[in-house]
Every structure is written in C-alpha cells, then in structure tokens.
Amino acid sequence: MDDLKRAIRDYVAREYLEEGDDRAIADDTPLLSGGIVDSFSMVSLKRFLEKRYHILIPDAEATPDAFDTVDRIADLVTRFASHAPTS
C-alpha cells in the first residue's frame, strides 16, 4: 500500500499544488476540506486512479469524504482493486 499512497501523494502534489507551494502532503492531510483538491480536481483524480489501477470507482462511492485524505483514497482504491476482474 505504500506504493499506492506514494502515487496518490505524487499525483496530488504534481497536479494540484502551485509551483512554489511547499506544503507537504501526508497520508492524513485534508485534501478537499484543506483546499488542495476541489470537486473538479476530484474527478480527474478519480480518472487517474481508475486508469492506473484498472478499476472502476462508482460515482456513488466517489464522495468528498472518501477523497479527503491519501489514507481514505488508498482504502477506496484497495477496496475496488480487490473486486476488479483479473484477465
């Protein structure tokens, strides 16, 4: 799960922090409620995760609460990855 959390942290820092923003993204950093990720960005983060991990996160599960921290996002991805069909 460390690789998953690192990938989420890296994506959030690369895509949503302005250049020169030196905030560190920890596993429990509030992303939505902390103003780092907004609702539009959450959709692009969801797409990134679905493509990278070959999963489908139902819209009903993609709530602001589920996307508020790296820990919660990793839990969500792990839950749906365990249900993904294998090829």
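Refer to the structure printed above.
Residues numbered from 1 in each chain as written. Predicted model: local features only at pLDDT ≥ 70, side-chain atom pairs only at ≥ 80, totals over all residues. Heavy atoms only, no water.

A. Here's a closer look at the overall build of the chain. Scanning the chain for helices and strands turns up three helices and zero strands. In sequence order, the secondary structure elements of the chain are arranged as α-α-α. Scaling as 2.2 N^0.38, a compact globule of 87 residues should have a C-alpha radius of gyration of about 12 Å, and the chain matches this with 12 Å. C-alpha extents for the chain along the principal axes are approximately 40 × 25 × 20 Å. In the chain, which comprises 87 residues, the share counted as buried stands at 39%. Taking as baseline every contact in the chain between residues at least 6 positions apart, the subset at least 24 positions apart corresponds to 56%. Averaging the coordinates of the 11 positive side-chain charges in the chain and doing the same for the 18 negative ones gives two points 5 Å apart. (Helix = DSSP H or I, 4+ residues; strand = E, 2+ residues; numbered from the N terminus. Rg over C-alpha atoms; globule rule 2.2 N^0.38 Å. Buried < 20%, exposed > 50% of the residue type's maximum accessible area, 1.4 Å probe, protein only. Contact = heavy atoms within 4.5 Å. Lys, Arg positive; Asp, Glu negative; His and termini not counted. Charge placed at Lys NZ, Arg CZ, Asp CG, Glu CD.)

B. Fine view of the nonpolar core. Residues V12, L45 and F67 are the most contacted members of the largest nonpolar core, which totals 26 residues. Those elements that place two or more of their residues in this core are α1 (2-16), α2 (39-53) and α3 (70-81). With near-sequence residues (within four places) excluded, F67 lies in contact with L31, L32, M42, L45, K46, L49, A62, I73 and L76. (Core = buried A, V, L, I, M, F, W, Y, C linked by side-chain atoms within 4.5 Å.)

C. The side chain of E50, seen in detail. By the secondary structure assignment, E50 is in helix α2. Using a relative accessible area of 14% as the deciding quantity, one classes E50 as buried. At 2.8 Å, the side chain of E50 forms a polar contact with the backbone nitrogen of I57. Excluding residues within four positions of it along the chain, E50 makes contact with I55, L56 and I57. (Polar contact = N/O pair within 3.5 Å; in protein donor to acceptor, adjacent residues only side chain to side chain.)

D. Broad picture of the pattern of salt bridges. Within the structure shown, the criterion is met by 10 salt bridges. Residue E61 is joined to R79 by a salt bridge in which the shortest nitrogen-to-oxygen separation is 3.3 Å. Of this pair, E61 sits in the loop between α2 and α3 while R79 sits in helix α3, and the two are 18 residues apart along the sequence. On the basis of relative accessibility, which here comes to 30%, the residue E61 falls in the partly exposed class. Via salt bridges that share partners, K5, R9, D27 and D71 belong to a single interconnected network. (Salt bridge = Lys/Arg side-chain N within 4 Å of Asp/Glu carboxyl O.)

Geometry only, nothing functional implied.
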